[in-house]
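Working through the structure, step by step
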Amino acid sequence: MNLASIPSPSTGVIELGPIPLRGYAFCIIIGVFVAVWFGNKRWIARGGKAGTVADIAVWAVPFGLVGGRLYHVITDYQLYFSEGENWVDAFKIWEGGLGIWGAIAFGAVGAWIGCRRRGIPLPAWADALAPGIAFAQAIGRWGNWFNQELYGKPTDLPWAVEISEGTNRVAGTYHPTFLYESLWCIGVALLVIWADRRFSLGHGRAFALYVAAYCAGRGWIEYMRVDEAHHILGLRLNVWTAIFVFVLAVVYIVVSAKLRPGREEIVEPDRDSTPGKDSDADGPARSDADAKDAEQDTDAEKDPLSKDEPGESGKHLSAGSTEAAAEKG
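In what follows, the accompanying structure is described. (Residues numbered from 1 in each chain as written. Predicted model: local features only at pLDDT ≥ 70, side-chain atom pairs only at ≥ 80, totals over all residues. Heavy atoms only, no water.)

Looking at the nonpolar core
Core analysis: the biggest nonpolar cluster contains 38 residues, and Trp43, Trp101, Trp125, Val192 and Tyr210 have the highest contact counts within it. The set of elements that each furnish at least two residues to this core consists of helix H1 (23-45), helix H2 (52-75), helix H4 (100-118), helix H5 (122-140), helix H7 (177-199), helix H8 (205-224) and helix H9 (237-259). When sequence neighbours within four positions are dropped, the list of residues in contact with Val192 reads Ala130, Pro131, Ala206, Leu209 and Tyr210. Formed by 7 residues, the second largest nonpolar core is a distinct cluster that contains Ile6, Val161, Ile163 and Phe178. (Core = buried A, V, L, I, M, F, W, Y, C linked by side-chain atoms within 4.5 Å. Buried < 20%, exposed > 50% of the residue type's maximum accessible area, 1.4 Å probe, protein only. Helix = DSSP H or I, 4+ residues; strand = E, 2+ residues; numbered from the N terminus. Contact = heavy atoms within 4.5 Å.)

Focus: the environment of Gly204
Residue placement: Gly204 occurs in the loop between H7 and H8. Through-space distance from the C-alpha of Gly204 to that of Ala124 is 6.0 Å; in sequence the pair is 80 residues apart. Setting aside its immediate chain neighbours within four residues, Gly204 contacts Pro123, Asp127, Tyr252 and Glu264.

Let's talk about a nonpolar patch on the surface
Taken together, Ile232, Leu233, Trp240, Ile243, Phe246, Val247, Val250, Val251, Val254, Val255 and Leu259 make up a surface patch of nonpolar side chains, about 980 Å² in accessible area. Among the elements that line the nonpolar patch, the one with the most residues is H9, at 9 residues. By the secondary structure assignment, Val254 is in helix H9. (Patch = residues over 30% accessible without salt bridge, like charges linked within 9 Å, V, L, I, M, F, W, Y side chains within 5 Å. Areas by Shrake-Rupley, 256 points an atom, 1.4 Å probe, with all protein chains shown as cover. Salt bridge = Lys/Arg side-chain N within 4 Å of Asp/Glu carboxyl O.)

Considerations on the pairing of strand E1 (residues 13-16)
On a regular strand, one side chain projects to one face of the sheet and the next to the other, so that they alternate. The pairing of E1 with strand E2 (residues 19-22) spans 4 bridges and is antiparallel. Among the inter-strand pairings, Val13 is bridged to a residue of E2, identified as Arg22. Where E1 folds back onto E2 in an antiparallel hairpin, the turn is made up of 2 residues, including Gly17, whose phi is positive at roughly 65°. (Pairing = 2+ DSSP bridges.)

Considering the pattern of salt bridges
Under the defined criterion, the tally for this structure stands at 11 salt bridges. For Arg42, the salt bridge goes to Asp196, with nearest N and O atoms at 2.8 Å. Within this pair, whereas Arg42 is found in helix H1, its partner Asp196 is found in helix H7, the two being separated by 154 residues in sequence. By the burial criterion, Arg42 is buried, and Asp196 matches it. The structure contains a network of salt bridges with shared partners spanning Arg218, Glu222, Arg225, Asp227 and Arg236.

Put into structure tokens, the structure is as follows:
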């Protein structure tokens, strides 16, 4: 008998008059806002412009949602295309079902398009956004709580989540894997923030650290889940995916640190004056011609022959002509 447990919501929908507010969608939306807000603060701290993160997120978020849904539908196709199922449900994203692997992959494509349009290096933008994405995942996982899905094995622990009877689920208390992953993501975000300050991570290494740390947690959390999933060699597909992506992220960190050590000095080129041009705090940058004139004036000041008074050269010439005339006479 459980002395304590986490109750699940009786419904995943809150009716605001004629507008149904679904808990899953609400968590996703809040997570996106947090990621953009926090990413914007980090981008400005890196020397970028306010609003750039949001502008690029306009591309990244829709791509990410499509990619996340595609990954889920493809890897769990039996939920939508097997006998007795309605394929239209594949489009009902509000009922849950977003694969983080597809969301990150497709979101990166959208971000690349947005960065390319702004002339911004994608790795620098990804580094700024990395902790915010982890925080967004921590918030988004509570959408699974609203839908009573993706829980773990049965348990009598005080923090077990209560699951009610429903389609493809049996009433009982289970490991709240959504809570485990939420807390893990918060830890990942804090790790990336600390490491970025300590080691000045750049060229995509902060983002790669986020990916590696998330995969390390997703592997053991995924192993605890009891929902249907495809297995390869006795392990769930998502466990293998986590292992594969973890290795790629670690390799990227090592190789990138050797090839491109340090951090980008300029993340938005148009924010700074063009290299090689002087600029005044009170006026515009000087042109190359002005710079050359100033250099010639400086050289002239250093040349002692240039210190003759106005007309001196004429006097020397006149004196020389007079002496020549006297010799001829």
